[in-house]
Amino acid sequence: MVNYFELGPHKRLNDIVVAGSHDAGITGGGSNVQTQAVDIGGQARAGVRVFDLRIAAAATPGMHGKLKGVELRAFHADGKLMKNEAKIRHLEDLGRAVGVQRTKLKGGAFGLGLTSMLDSARDFVTSNDGGTEFLLLKFDKCLNWQLIAEACVNVLGNTIYRGGGNLNTTSLRQLSGHVVVLFSTSGMSALNGAYGPRDGILPFRNLYDKTNGDSAYSQAFVGLQYYGKGGTSVARPFSKRSQNETKQGKLMDGAKLLGHPDVMGMMYWTSTGIFESIRKRNEKMWEPPNVMRLRRLWAQGLQEFVFHRNPLNVPPGSPAIGPLRRRYLPNIVMIDFADNTKCQHIRALNDLSATDLAAL
């Protein structure tokens, strides 16, 4: 199993590079929708530490007295393909009647249930293998935020991270054995103060997104701050790998302008699109020549280490991450169809020496 704690319990979250799971809960659906093959527990054991989750309420079969049932589940669909209606339903996740936005999809797919994903996350960080590790559940573009927060608090129990503070600079020792729950800015607003850091519900900010106002890094921010964006043009349905590589390269060039060394970078090595099989495209992205492209693209985000101008005298064989002063580091590499082999490639980025990076 991929282990990050062994990098050093003193390491801060923004000192290391981890694998992230893109649309982590979508383990089924059409070939142009499915993005993962195993559940959250399987992804965690493979080495994923950041999980991208979108949650909506889907109808369930059967009746609960006079009420129909719904379940909070992962979904993958364009907003134009979603029909959302306010209903009173029996919510399976909480075991009671609630007011809820019920969603029907005209395309895309529903995925794993939220409760089962939370169960898997809790079980991983309390297992013999995962007891020193951590998981970050990143919720975005969801509906029914307060219900999601209540489910997270109830199911995760003592494993939910309530330490608060700036996650970027939080140590692996502090995160060890915990599941960190992260809500988008709009999600936190929807909670209206009902849940917050004291309960284990923390915000995240994408500094690439200018719609939320100030995009400057703040050391006082309680939660996670990162820079990055996935996705490629819908108008260009083919050559997704090269499109993604070009886009991510430009994003990392732009990230250098942020200037603050504690910003966490998020890089996407994904290939979703309307046409073709995501799995087949993804397999090509992990062929040996393309793995080298991944390493080079990742290293591009490290150009601000500026070896020749670095005031520190760093031995050529020393680890590149840590002793060098950086302005931007791609800390999270988001992937489709996460497995041990892919996660091992990403885990190995932590072990590259200064000489290795120069060779890239």
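Please refer to the structure higher up on the page.
Residues numbered from 1 in each chain as written. Predicted model: local features only at pLDDT ≥ 70, side-chain atom pairs only at ≥ 80, totals over all residues. Heavy atoms only, no water.

## Things to note about the packing of aromatic side chains
Inspection of the entire model under this criterion finds four aromatic pairs. For the pair Phe 204 and Tyr 226, a centre-to-centre distance of 6.0 Å together with 35 degrees between the ring planes defines the contact as tilted. With Phe 204 in strand E10 (residues 201–206) and Tyr 226 in strand E11 (residues 224–227), the pair connects residues that are 22 residues apart, well separated along the chain. Relative accessible area serves as the criterion here: at 5%, Phe 204 is assigned to the buried category. Looking at Tyr 226, the relative accessible area reads 3%, which means it is buried. Between Tyr 208 and Tyr 227, the ring centres sit 5.7 Å apart and the planes meet at 85 degrees, which makes this aromatic pair edge-to-face. Residue Tyr 208 is located in the loop between E10 and E11, and its partner Tyr 227 is located in strand E11; the two are separated by 19 residues in the primary sequence. With a relative accessible area of 31%, Tyr 208 lands in the partly exposed category. (Phe/Tyr/Trp six-rings, centres within 6.5 Å; stacked < 30°, edge-to-face > 60°. Helix = DSSP H or I, 4+ residues; strand = E, 2+ residues; numbered from the N terminus. Buried < 20%, exposed > 50% of the residue type's maximum accessible area, 1.4 Å probe, protein only.)

## A few points about the state of the cysteines
If you walk through the whole model with that rule in mind, you get zero disulfides. The structure places no disulfide on Cys 142, whose sulfur is separated from the nearest cysteine sulfur, that of Cys 152, by 9.2 Å. Classification of Cys 142 by relative accessible area gives buried; the value is 10%. When its relative accessible area of 0% is taken as the criterion, Cys 152 is described as buried. (Disulfide = S-S within 2.5 Å.)

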